[in-house]
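Here is how the chains run, residue by residue.
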Amino acid sequence: MATAPLLTATSSGDALELRPAGSWTASNATTLERLSNDIVPQLDRAAAIKLDMAGVRELDTLGAWLLEKLSRRATSAGHRADIVGIADNYVGLIDEVRQVNRRTPAPAPARNPVVAKLDDIGRATIDAREDVAAFLQMLGALCIAILGILRRPRSLRLTSLTYQLYRVGWQAIPIVVLITFLIGAIIAQQGIFHFRKFGADSYVVDMVGILVLRELGVLIVAIMVAGRSGSAYTAELGSMKMREEIDALSTMGLDPVEVLMLPRILALICALPILSFIGAMAALYGGGLVAWFYGGMGPAIFLARLHEAVSVTHFEVGIIKAPFMALVIGIVACSEGLRVKGSAESLGKQTTTSVVKSIFLVIVLDGLFAVFFASIGM
Amino acid sequence: MQEAAESFAIRVRDLVVGFRRHVVIDHLALDVRRGEILGLVGASGGGKSVLMRTIIGLIPRQGGEIEVMGSPINHDRATRAAAGRWGILFQQGALFSSLTVRQNIQFPLRENLELSDALMDEIATAKLEMVGLKAEDGDKFPSELSGGMTKRVALARALALDPAIVFLDEPTSGLDPIAAGDFDALIKTLQKTLGLTVFMVTHDLASLNTVCDRVAALADGKIVAIGPMRELLQSEHPWVRAYFHGKRSQMLQPKAS
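Criteria and cut-off values
Numbers given to residues run from 1 along each chain, matching the order in which its sequence is written. All chains are assigned letters beginning at A, and all ligands numbers beginning at 1, according to the order in which they are written. Local features in this predicted model are restricted to residues whose pLDDT is 70 or higher, and side-chain atom pairs enter the listing and the counts only when it is 80 or higher, whereas totals over whole chains, interfaces and linings include all residues. Under the DSSP-based scheme used, a helix requires at least four consecutive residues in state H or I and a strand at least two consecutive residues in state E, with every element numbered from the N terminus. Field definition: a residue is buried when 20 or more other C-beta atoms are found within 10 Å of its C-beta, exposed when 12 or fewer are, and partly exposed for counts in between, with C-beta atoms placed from the backbone. Throughout, a pair of residues is in contact if the C-beta atoms placed from their backbones lie within 7 Å. Put simply, Ala, Val, Leu, Ile, Met, Phe, Trp, Tyr, Cys and Pro go in the nonpolar bin, Asp, Glu, Lys and Arg in the charged bin, and everything else, Gly too, in the polar bin. At least two bridges found by DSSP between two strands is the condition for calling them paired. Note on definitions: angles span 0 to 180 degrees between N-to-C directions of axes, and those axes are lines fitted to C-alpha atoms, for helices only across the stretch in contact. pLDDT expresses how confident the predictor is about each individual residue, on a scale running from 0 to 100. Remark: nonpolar core denotes a set of buried Ala, Val, Leu, Ile, Met, Phe, Trp, Tyr and Cys residues whose joining runs through C-beta atoms within 7 Å. Helices are assigned an expected span. That span is 1.5 Å times one less than the residue count. Comment on the angle field: the value is read as roughly parallel under 35 degrees, roughly antiparallel over 145, roughly perpendicular from 65 to 115, and oblique elsewhere. Should the near helix be turned anticlockwise from the far one by less than a right angle, the crossing is termed left-handed; should it be turned clockwise, right-handed.

Here the focus is the overall build of chain B. Summing up its helical and strand segments, chain B has 10 helices and 10 strands in all. Out of the 257 residues in chain B, the part that is buried amounts to 43%. Sequence separation of 24 or more characterises 65% of the internal contacts of chain B that already satisfy a separation of 6 or more.

Turning our eyes to something else, we now look at the overall build of chain A. On a plain count of helices and strands, chain A comes out with 13 helices and 5 strands. Residue pairs at least 24 apart in sequence account for 84% of intrachain contacts in chain A once pairs closer than 6 positions are excluded.

Quoted interface sizes are often the accessible area lost when the parts come together. Across the boundary between the two partners, chain A contributes 24 residues, which contact 23 residues of chain B. At the level of elements, α1 (29-38), α3 (61-76), α4 (91-99) and α13 (344-375) of chain A are the ones that each hand at least two residues to the side of chain A that touches chain B. With 5 residues, α4 of chain A is the largest single contributor of residues to the side of chain A that touches chain B. Taken together, the residues of the side of chain A that touches chain B break down into 9 nonpolar, 9 polar and 6 charged.

This part takes up the pairing of strand β8 (residues 197-201) of chain B. Residue and element names in this part refer to chain B. Judged by how many residues are buried, β8 sits mostly within the fold: 5 of 5 residues are covered. Of the two faces of β8, the one carrying Thr 197, Phe 199 and Val 201 and the one carrying Val 198 and Met 200 are both buried. Here strand β3 (residues 37-42) runs beside β8; their pairing, made up of 4 bridges, is parallel. Its bridge partner being in β8, Leu 40 is matched across the sheet by Val 201. In this structure, strand β7 (residues 165-169) lies alongside β8, joined through 5 bridges in parallel fashion. Counted as the bridge partner of Leu 168 is Met 200 from β8.

Another point: the sheet that holds β7 of chain B. Residues and elements named next belong to chain B. Pairing is mixed in the open sheet, where 6 strands are placed in the order β6-β7-β8-β3-β9-β10. Single-partner strands in this sheet number two, and they are β6 (86-89) and β10 (222-227). The sheet shows a mean angle of 15° between the axes of neighbouring strands, direction not considered. Pairing of β3 with strand β9 (residues 214-219) involves 5 bridges; the strand directions are parallel. Among the inter-strand pairings, Gly 39 is bridged to a residue of β9, identified as Val 215. Along the sheet, helix α6 (residues 147-158) makes contact with β6 and β7, crossing β6 at roughly 165°.

Residue and element names in this part refer to chain B. Taken in spatial order, the 4 strands of this open sheet run β2-β1-β4-β5, and their pairing is antiparallel. Where the open sheet ends on each side, the last strands, each with one partner, are β2 (22-33) and β5 (71-72). By the bridge criterion, 5 bridges tie strand β1 (residues 8-19) to strand β4 (residues 63-68) in an arrangement that is antiparallel. Its bridge partner being in β4, Ile 10 is matched across the sheet by Val 68.

The next thing to look at is the confidence of the model for chain B. Of all residues in chain B, 90% attain a pLDDT of 70 or more, and the chain-wide mean is 79. Taken together, the chains of this predicted complex give a pTM of 0.69 and an interface ipTM of 0.71.

As a further point, take unusual backbone geometry. Residues and elements named next belong to chain B. Of note, Asp 162 is a non-glycine position whose phi angle comes to about 50°, a positive value. On the secondary structure map, Asp 162 appears in the loop between α6 and β7. The exposure class assigned to Asp 162 is buried, which follows from the 24 C-beta atoms found within 10 Å. A positive phi angle, near 45°, is found at Glu 170, a position not held by glycine.

The nonpolar side chains of a soluble globular protein tend to be buried, and buried together. Counting 101 residues, the largest nonpolar core has Leu 38, Ile 165, Val 166, Phe 167, Val 198, Phe 199 and Met 200 of chain B as its most contacted members. Apart from residues no more than four positions distant in its own chain, Val 166 of chain B is found in contact with Trp 86, Gly 87, Leu 89, Ala 158, Leu 159, Leu 196 and Val 198 of chain B. Core analysis: the second largest hydrophobic core is formed by 57 residues, Ala 185, Val 204, Leu 272 and Val 362 of chain A among them.

All right, on to the environment of Phe 302 of chain A then. Residue and element names in this part refer to chain A. Structurally, Phe 302 can be placed in helix α11 (residues 299-309). Residue Phe 302 is classed as buried on the basis of its C-beta count, with 24 C-beta atoms lying within 10 Å. When the C-alpha atoms of Phe 302 and Gly 287 are compared, they prove to be 9.4 Å apart, with 15 residues separating the residues in sequence. Excluding its chain neighbours within four sequence positions, the residues that come into contact with Phe 302 are Val 205, Gly 288, Ala 291, Trp 292 and Met 297.

Attention now moves to α13 of chain A. Residues and elements named next belong to chain A. Taking 1.5 Å per residue, 32 residues should reach 46 Å; α13 reaches 47 Å between its end C-alpha atoms and fits that length. Listed in full, the buried residues belonging to α13 are Leu 347, Gln 350, Thr 351, Ser 354, Val 355, Lys 357, Ser 358, Val 362 and Phe 369. For α13, the elements touching its buried residues are α8 (203-242) and α12 (312-338). In the stretch just after α13, Gly 377 is the one whose phi turns positive, near 75°.

This part takes up the environment of Ala 344 of chain A. With respect to the secondary-structure elements, Ala 344 of chain A resides in helix α13. In this structure, the C-alpha to C-alpha distance between Ala 344 of chain A and Ser 239 of chain A, residues 105 residues apart in sequence, is 8.8 Å.

Turning our attention to the environment of Ser 71 of chain A. Residue and element names in this part refer to chain A. Along the polypeptide, Ser 71 turns up in helix α3. The buried category is assigned to Ser 71, around which 21 C-beta atoms lie within 10 Å. Separated by 12 residues in sequence, Ser 71 and Ile 83 place their C-alpha atoms 8.1 Å apart. Excluding residues that lie within four positions of it along the chain, Ser 71 makes contacts with Ile 49, Leu 51, Ala 81 and Ile 83.

It is worth spelling out the packing of α8 of chain A against α12 of chain A at this point. Residue and element names in this part refer to chain A. Their axes nearest at 8 Å, the elements α8 and α12 cross at an angle of 15°. Relative to α12, α8 is oriented roughly parallel. Where α8 crosses over α12, the two elements pack in a sense that is right-handed. A per-class count over the contact of α8 with α12 returns 17 nonpolar, 7 polar and 5 charged.

Take a look at the structure:
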């Protein structure tokens, strides 16, 4: 049915007669564009053109537009353009195409690159200020919700809290154990390998113990929770925002912070210390195994050295940080979720922002705690 | 016989579709003639969208045959190739939210044809103007559009490749009566100019009455009545009677004098 398109041009004097033939449809798009471009120089020389459409077998918007463009080019140069021989079933299409692309919209004025850059920086600064404001606002709303709970303890949503605790705590245990176990093992292996040069193998236990209990255990677990649960919070709340579920909640006289965010953040605050503890134990276990099989240090010696090297203070320093990190992760995740706008792209962007921002803040917080604990001598 | 086969755009024979044990479409047969606007009505959750999605190959079927423009639809490459011959307007528009309106319309062109950027822009603007929007709207993002505009852009995208068939899933749902009327008129005009076959799932009695050449009623997984609107109004099938003679449909009845 489809035949190859043709465009034959015969010039008589100043007049040019164009005879398109075959299928002028989108399936021949490339050929059609070439054909109509090739004819342009001839077209510009002719004083009048006549377009004889009798040979056209099939026509669609693309073909009709290309032919219309030819005739429009001739008329805009002040020449005469006649279209004849249109098959009845294509009259409507040709008429329709004649109406389109009449008015070209004014292009947006080009911006000075320096000004544009300054504009970007300015906007980024304002955004950063808004970030801080959003964080504080969420913290405030959370405090108010907690006060409300203290006044009416029954308004705490226990079902939701338990479910969230199950999701961010219980279900996270396997992956947390696996990763911290590996980290502990790797630190121990590296320590043994390098300390052996100084004959200081046994200090590996001190290093693994202090590092894991004070810093790494909680930090690694917090980063994993930010990636695992923080992103889930943002995506959940974001899609609830997109589907107006959050608006529905507030119109029913319920506070979304109390219903949605408080159980989530409280669950995170409960779960992170527990996960940090489990993680630290798994890391020590991993370190111990490597010390035994790679370093030749038996479990009894490892435990005895560990007993000497670490004190409860080290453990406290680590575990005290956990709830604060959980708070930061929760607040960032929830406030980013509420900033999702209508599109799928915005949901993805906000989820990424949430994870990046909470990991960054967790590390900054860890630094602040390090300074604090150093100054109080812990 | 050859002549008869040529005159149908979609032929569905003995179609069975179900999810687990629940049969939604039960040995259904349906013919859509070339160049007509067919409206499909049915109860909510009664399988209208399932039928449409099965015809375009989104839902696997358990039995039966489907032919679109003379070529069978199966779950293979041929169906994907057939995708060039139809355009689909999803209920919510399903515009790609990360692309502008113009890029959305150009997307099928860009994927299927080799055209210069300038021509692609002109075609996109032409389609935009054909569905009654302005060239300036091309730079907007889908999240900035109103409901009616979203439907129009989705229609422009469905028409980007000048398909022979367009499937419309509740094109006028969520539009006010004026916008819905305009949209109906637009479908009718485009169907005439482009020679389209239109398969339309709708609940809008006004559009059934004004734009559809034939109406098919889907009940209990079968087409229980098909024909021009006035024939359906006289149908004796209980569900069809309830649908067209309910309180909301009183306005369609010829005034008894």
